Amino acid sequence: MRPYILAETNWKAIKDQQVEVAILPWGATEAHNYHMPYGTDNYEAEAVAAEAARLAWEAGAKVMVLPVLPFGVNTGQADITLDINLNPSTQLAILRDIVTVLNRQGIQKLLLLNSHGGNDFKPILRELGLQFPDMFLLTCNWFLAADRKAFFDSPGDHADEMETSIMQHLRPDLVLPLSEAGEGKEYKSRLTGIREGWAWSERLWSQVSDDTGIGNPAAATPAKGKAFFEATTQNIAQLLIELSQVNPKDRYSRV
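Residues numbered from 1 in each chain as written. Predicted model: local features only at pLDDT ≥ 70, side-chain atom pairs only at ≥ 80, totals over all residues. Heavy atoms only, no water.

A. Here's a closer look at a nonpolar patch on the surface. Taken together, Tyr 38, Phe 71, Leu 82 and Ile 84 make up a surface patch of nonpolar side chains, about 350 Å² in accessible area. With respect to the helices and strands, the residue Tyr 38 is situated in the loop between β1 (21-26) and α2 (40-58). Classification of Tyr 38 by relative accessible area gives partly exposed; the value is 34%. (Patch = residues over 30% accessible without salt bridge, like charges linked within 9 Å, V, L, I, M, F, W, Y side chains within 5 Å. Areas by Shrake-Rupley, 256 points an atom, 1.4 Å probe, with all protein chains shown as cover. Salt bridge = Lys/Arg side-chain N within 4 Å of Asp/Glu carboxyl O. Helix = DSSP H or I, 4+ residues; strand = E, 2+ residues; numbered from the N terminus. Buried < 20%, exposed > 50% of the residue type's maximum accessible area, 1.4 Å probe, protein only.)

Now the structure itself:
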């Protein structure tokens, strides 16, 4: 039993346990090229949250990892079989109920650990921040917590070299040989502003990729995944330690 993982602990331990920071991993259920499972984002979210929490706990931070939420915003993948979509308004309703519980019980720091590019929690946290002024709500994308360019050669953002390497490290039993993977080619928008990055429109997945991947996974290795996982979880653990110590009413340095 890991005392910082809510799903594993029990009321005997919890009833007298101080919790300073709750961590909510949020993933998605969606296709990841031909070689990786639909639950990739959830396996990653759970593993990153657990390891970062372990490091923070061992440094004295009283953290608690909540069970992962396995469905994310997949509005651009409506025709990809069994890609399960939650609308942003549904995410807001779910998160409001969770925040209500934490706020009522005096657990007033929440890190939303995002594992899916389609999830955008900033507008949701802005709205909830007004409704729950005593809560310190923050979010981070775990896959941006370390410099991926220091570990990987090929760019991408879905079932690519980075994500494949992570899964080869975490769950090699669920990753097919790379010979089974598609090349993850991304077809570029016909609109200049979107190609240059200063305009945005949701990607329609069945048009932007032949295999549901974005980025070539061919150079992925478990060793790369292990190194990136360790760097990422160490950085997130430091965030958790600092979050556990900070006074929400005095969170900005005047130095």
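B. Molecular detail of helix α8 (residues 222-245). Here α8 is 24 residues long and its end C-alpha atoms lie 34 Å apart, about the 34 Å a rise of 1.5 Å per residue gives. Looking at α8, one finds that the buried residues are Gly 225, Phe 228, Phe 229, Ala 231, Thr 232, Thr 233, Ile 236, Ala 237, Leu 240, Ile 241, Leu 243 and Ser 244. Contact partners of the buried residues in α8: β1, α2, β2 (63-65), β3 (109-114), β4 (136-141) and α5 (161-170). (Expected span 1.5 Å × (residues − 1). Contact = heavy atoms within 4.5 Å.)

C. Region of the structure containing the nonpolar core. Ile 23, Val 63, Leu 113, Trp 142, Ile 236 and Leu 240 are the most contacted members of the largest nonpolar core, which has 32 residues in total. Of all the secondary-structure elements, those providing two or more residues to this core are β1, α2, β2, β3, β4, α5 and α8. The leading source of residues in this core is α8, at 8 residues. Residue contacts for Trp 142: discarding those within four places in its chain leaves Glu 44, Ala 45, Val 48, Leu 113, Asn 114, Ser 115, Met 162, Ile 166, Phe 228, Thr 232 and Ile 236. (Core = buried A, V, L, I, M, F, W, Y, C linked by side-chain atoms within 4.5 Å.)

D. Region of interest: the pattern of salt bridges. For the structure shown, the criterion picks out 13 salt bridges. For the salt bridge of Glu 127 with Arg 96, the shortest nitrogen-to-oxygen distance reads 3.5 Å. Of this pair, Glu 127 sits in helix α4 (residues 122-131) while Arg 96 sits in helix α3 (residues 88-104), placing them 31 residues apart in sequence. Arg 148 is the salt-bridge partner of Asp 160, the closest N and O atoms lying 2.5 Å from each other. Within this pair, whereas Asp 160 is found in the loop between β5 (156-158) and α5, its partner Arg 148 is found in the loop between β4 and β5, the two being separated by 12 residues in sequence. Just as Asp 160 is buried, Arg 148 falls in that class too. Beyond isolated ion pairs, a larger network of salt bridges with shared partners links Asp 157, Glu 186, Lys 188 and Arg 203.

E. Seen up close, unusual backbone geometry. Positive phi is not limited to glycine here, since Ala 159 has a value of about 55°. If you trace the backbone, Ala 159 turns up in the loop between β5 and α5. You can call Ala 159 buried: its relative accessible area is 0%. Positive phi is not limited to glycine here, since Thr 212 has a value of about 75°. Position of Thr 212 among the secondary structure elements: in the loop between α7 (205-208) and β6 (214-215).

F. The arrangement of the pairing of β1 in detail. The buried fraction of β1 is high, at 6 of 6 residues. Alternating residues of β1 divide into Val 21, Ile 23 and Pro 25 and Ala 22, Leu 24 and Trp 26, and every residue in both groups is buried. As paired strands, β1 and β2 are joined by 3 bridges and run parallel to one another. By the bridge assignment, Ile 23 is partnered in β2 with Val 65. Read from β1 through α2 to β2, the crossover connection turns out right-handed. Here 5 bridges tie β1 to β3, and the two strands are oriented parallel to one another. In the strand pairing of β3, Trp 26 is matched with Asn 114. (Pairing = 2+ DSSP bridges. Right-handed = clockwise from strand over helix to strand, strands pointing away.)

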